[in-house]
Amino acid sequence: MIHLFSHNDLDGKSCGYLAQLAFGDNCKISYCSHGTINDRVEMLLDNPKERKTEIIITDIAVNEELMMRLDERSNAGGKVKLIDHHATALHFNGFDWGHVQVRYDDERLTCATSLFYEYLIENGKLKPTGALDEYVELVRLYDTWEWFDQKVEAKRLNDLFFILPPDKFEDQIMERLKGDSFQFSETETTILDLEEENIADYIKKKQRQMVEIWDTWSLGEGSEEKTYKIGILHAERYHSELGNEINRENPHLDLIVILNIANKRIGLRTIHDEVDCSIYAKQYGGGGHPKASGGNMTSEAFEKFVVAAFHEQPRRIDAPKNEHNVKENPDGSLYVNNHREVSKIYSEDNQTWLISHKTHPVDETFESYQEAENYVKRHFEGWLMRDDEAHNSN
């Protein structure tokens, strides 16, 4: 008998679908969160009736104590396999039963589903098909965020994963994976089109609610101290879409923190290569990818992201329909903040950009308008004034 433990997101559950195809009724599957994985694996290890059960863990890792217990089980002749793609789990490669790979040789990012699919094929448990190849690649593209520049169907697959009841999604996927190709039905396409409209409206609403704070942090003695400008949102759904779109709309922020008070979880998203969300998330018992990670709503996180941010006011969005006070105007673009302080971005030579704040010049110069705007939003929390406001301020 095989017992698969896997994460409960699209990547983790897709490993379960592959296991069903490969092992049939000989496989029991437990989908786990980061908060439940250790208890469930420990329960199996403590059960004398499960001594001969083969253990496979995908897309999620166990703590150090259970890692050593799994190694003891493997050394005693038990079958153990862990397959993951998170950099935070690379230490499992120190064991014969661990396989953690973040990138392929061609620099493509991996996911647990793609690694597990290859493992099953290499061991003669599955034969590749067109449908399986297409589905696994969609999961990989979504989980690594490569879909954004390549294939929107990957994002739509994840949308469908959350829209449909879990059992119905699984039934439809399993049936389709047995065919020659993987495609959405007309009904699913209609549902997904409507969902995209809902997501767009939700993102606009949440953008207006976001507050911004500074956070100076380190992981402890000997760790490098860093200072981040962070956007904070409260949201129960669409975390990936929110994080990606609001990061793109607010490049002056280092990362976005999305809070779900009901589940006591925090989501972290960034678009900047120099920011690693998985390292930042370690403060809150979490981890994940450099650009997308999660953590727990610890008391420290609550104090920082809820209590400290409570008295902050959201920064308004830039005026969307201006004709005169527009961006990249060399004669000057005016910004204002919640304190009614005015900033001006202008250029004297059409090459470098300058800033004045409350009529006082800022010492720095900027090679692009975007860099100057990032500075205004990052340090003065300003937004582009409406035409009528700009006219009255002159």
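Note that the coordinates shown come from a computational prediction; the quantities given were computed from them, not determined experimentally.

**Describing the overall build of the protein chain**
A tally of helices and strands in the protein chain yields 14 helices and 16 strands. With the principal axes as the frame, the protein chain shows a C-alpha extent of 80 × 55 × 40 Å. By the burial criterion, 49% of the 394 residues in the protein chain qualify as buried. Within the protein chain, contacts between residues at least 6 apart in sequence are counted, and of these 58% link residues at least 24 apart. Where the 45 positive side-chain charges of the protein chain centre and where its 72 negative ones centre are 5 Å apart.

**A few points about the packing of helix α1 (residues 10-23) against helix α5 (residues 130-144)**
In contact at an axis separation of 10 Å, α1 and α5 are set at 160° when each is read in the N-to-C sense. In terms of axis orientation, α1 runs roughly antiparallel to α5. You can see that α1 and α5 cross each other, and the crossing is left-handed. Contacts between α1 and α5 involve Leu-10, Asp-11, Ser-14, Tyr-17, Leu-18 and Leu-21 from the former and Leu-132, Tyr-135, Val-136, Val-139 and Asp-143 from the latter. Residues belonging to the contact of α1 with α5 are distributed by class as follows: 8 nonpolar, 1 polar and 2 charged.

**Focus on the packing of α1 against helix α4 (residues 112-122)**
Geometrically, a packed helix pair is captured by the angle between its two axes and the distance between the axes. Contact geometry of α1 with α4 gives a least axis separation of 8 Å together with a crossing angle of 20°. The orientation of α1 relative to α4 falls into the category roughly parallel. Like other packed secondary-structure pairs, α1 and α4 cross with a definite hand, here right-handed. Residues Asp-11, Ser-14, Cys-15, Leu-18, Ala-19, Ala-22 and Phe-23 of α1 pack against Ala-112, Thr-113, Phe-116, Tyr-117 and Leu-120 of α4. A per-class count over the contact of α1 with α4 returns 9 nonpolar, 2 polar and 1 charged.

**Regarding the pairing of strand β8 (residues 255-260)**
With 6 of 6 residues buried, β8 lies mostly within the body of the structure. A two-sided burial pattern is seen for β8, the buried positions comprising Leu-255, Val-257 and Leu-259 on one face and Ile-256, Ile-258 and Asn-260 on the other. Two strands pair when backbone bridges link them, and β8 and strand β9 (residues 265-269) are joined in this way by 5 bridges, in the antiparallel orientation. Considered in β9, the bridge of Ile-258 is made with Gly-267. Where β8 folds back onto β9 in an antiparallel hairpin, the turn is made up of 4 residues, including Lys-264, whose phi is positive at roughly 55°.

**Quick word on the sheet that holds strand β3 (residues 54-58)**
Pairing in this open sheet of 5 strands is parallel, and the strands run β2-β1-β3-β4-β5 from one edge to the other. Of all strands in the sheet, those bounded by a partner on one side alone are β2 (27-32) and β5 (98-100). Neighbouring strand axes in the sheet, compared pairwise and without regard to direction, differ in orientation by 15° on average. Where strand β1 (residues 2-7) and β3 come together, 5 bridges link them in parallel fashion. Looking across to β3, one finds that His-3 is bridged to Ile-55. On top of the sheet, α4 reaches β3, β4 (80-84) and β5; it is set at about 135° to β4, its chief contact.

**Observations concerning the UniProt feature "domain: Oligoribonuclease NrnB C-terminal" (unreviewed entry) in the protein chain**
Mapped onto this numbering, the UniProt entry annotates "domain: Oligoribonuclease NrnB C-terminal" (unreviewed entry) at residues 332-390. From the first C-alpha to the last, residues 332-390 spans 10 Å; its make-up is 27% helix and 29% strand.

**Some words on the sheet that holds strand β14 (residues 354-357)**
Within a sheet, neighbouring strands are paired by backbone hydrogen bonds and run either parallel or antiparallel to one another. Reading across the sheet, the 5 strands line up as β15-β14-β13-β12-β16 and stay open at both edges, with antiparallel pairing between neighbours. With one partner strand each, in any of the chains shown, β15 (360-361) and β16 (383-384) form the two edges of the open sheet. Set on the sheet, helix α13 (residues 369-380) makes contact with β12 (333-336), β13 (342-346) and β14; between it and β13 the angle comes to about 165°.

**A short note on the nonpolar core**
Within the largest apolar cluster, 41 residues are counted, with the highest numbers of intra-cluster contacts made by Phe-23, Phe-116, Tyr-135, Leu-157 and Phe-169. Breaking this core down by element, the ones donating at least two residues are β1, α1, α4, α5, α7 (152-163) and α8 (166-177). Other than its neighbours up to four places away in sequence, Phe-169 contacts Leu-10, Tyr-17, Tyr-135, Leu-157, Leu-160, Phe-161 and Leu-164. In this structure, Ile-213, Ile-230, Leu-255 and Ala-309 belong to the second largest nonpolar core, which totals 21 residues.

**Regarding the pairing of strand β11 (residues 292-296)**
Burial analysis of β11 places 4 of its 5 residues in the buried class, which makes it a mostly covered element. Inspection of the sheet shows β9 paired to β11 by 5 bridges, in the antiparallel sense. Its bridge partner lying in β11, Arg-265 is registered against Asn-296. In this sheet, β11 lies alongside strand β10 (residues 287-288) in antiparallel orientation, the contact comprising 2 bridges. Its bridge partner being in β11, Gly-287 is matched across the sheet by Gly-294. The loop that links β10 with its antiparallel partner β11 comprises 3 residues.

What counts and how
- Residues numbered from 1 in each chain as written.
- Predicted model: local features only at pLDDT ≥ 70, side-chain atom pairs only at ≥ 80, totals over all residues.
- Heavy atoms only, no water.
- Helix = DSSP H or I, 4+ residues; strand = E, 2+ residues; numbered from the N terminus.
- Buried < 20%, exposed > 50% of the residue type's maximum accessible area, 1.4 Å probe, protein only.
- Contact = heavy atoms within 4.5 Å.
- Lys, Arg positive; Asp, Glu negative; His and termini not counted.
- Charge placed at Lys NZ, Arg CZ, Asp CG, Glu CD.
- Axes fitted to C-alpha atoms, helices over the stretch in contact; angles between N-to-C directions.
- Parallel < 35°, antiparallel > 145°, perpendicular 65-115°, else oblique.
- Left-handed = near helix turned anticlockwise from the far one by under 90°.
- Nonpolar A, V, L, I, M, F, W, Y, C, P; charged D, E, K, R; others polar.
- Pairing = 2+ DSSP bridges.
- UniProt positions renumbered as here; feature names shortened; annotations may be inferred.
- Core = buried A, V, L, I, M, F, W, Y, C linked by side-chain atoms within 4.5 Å.

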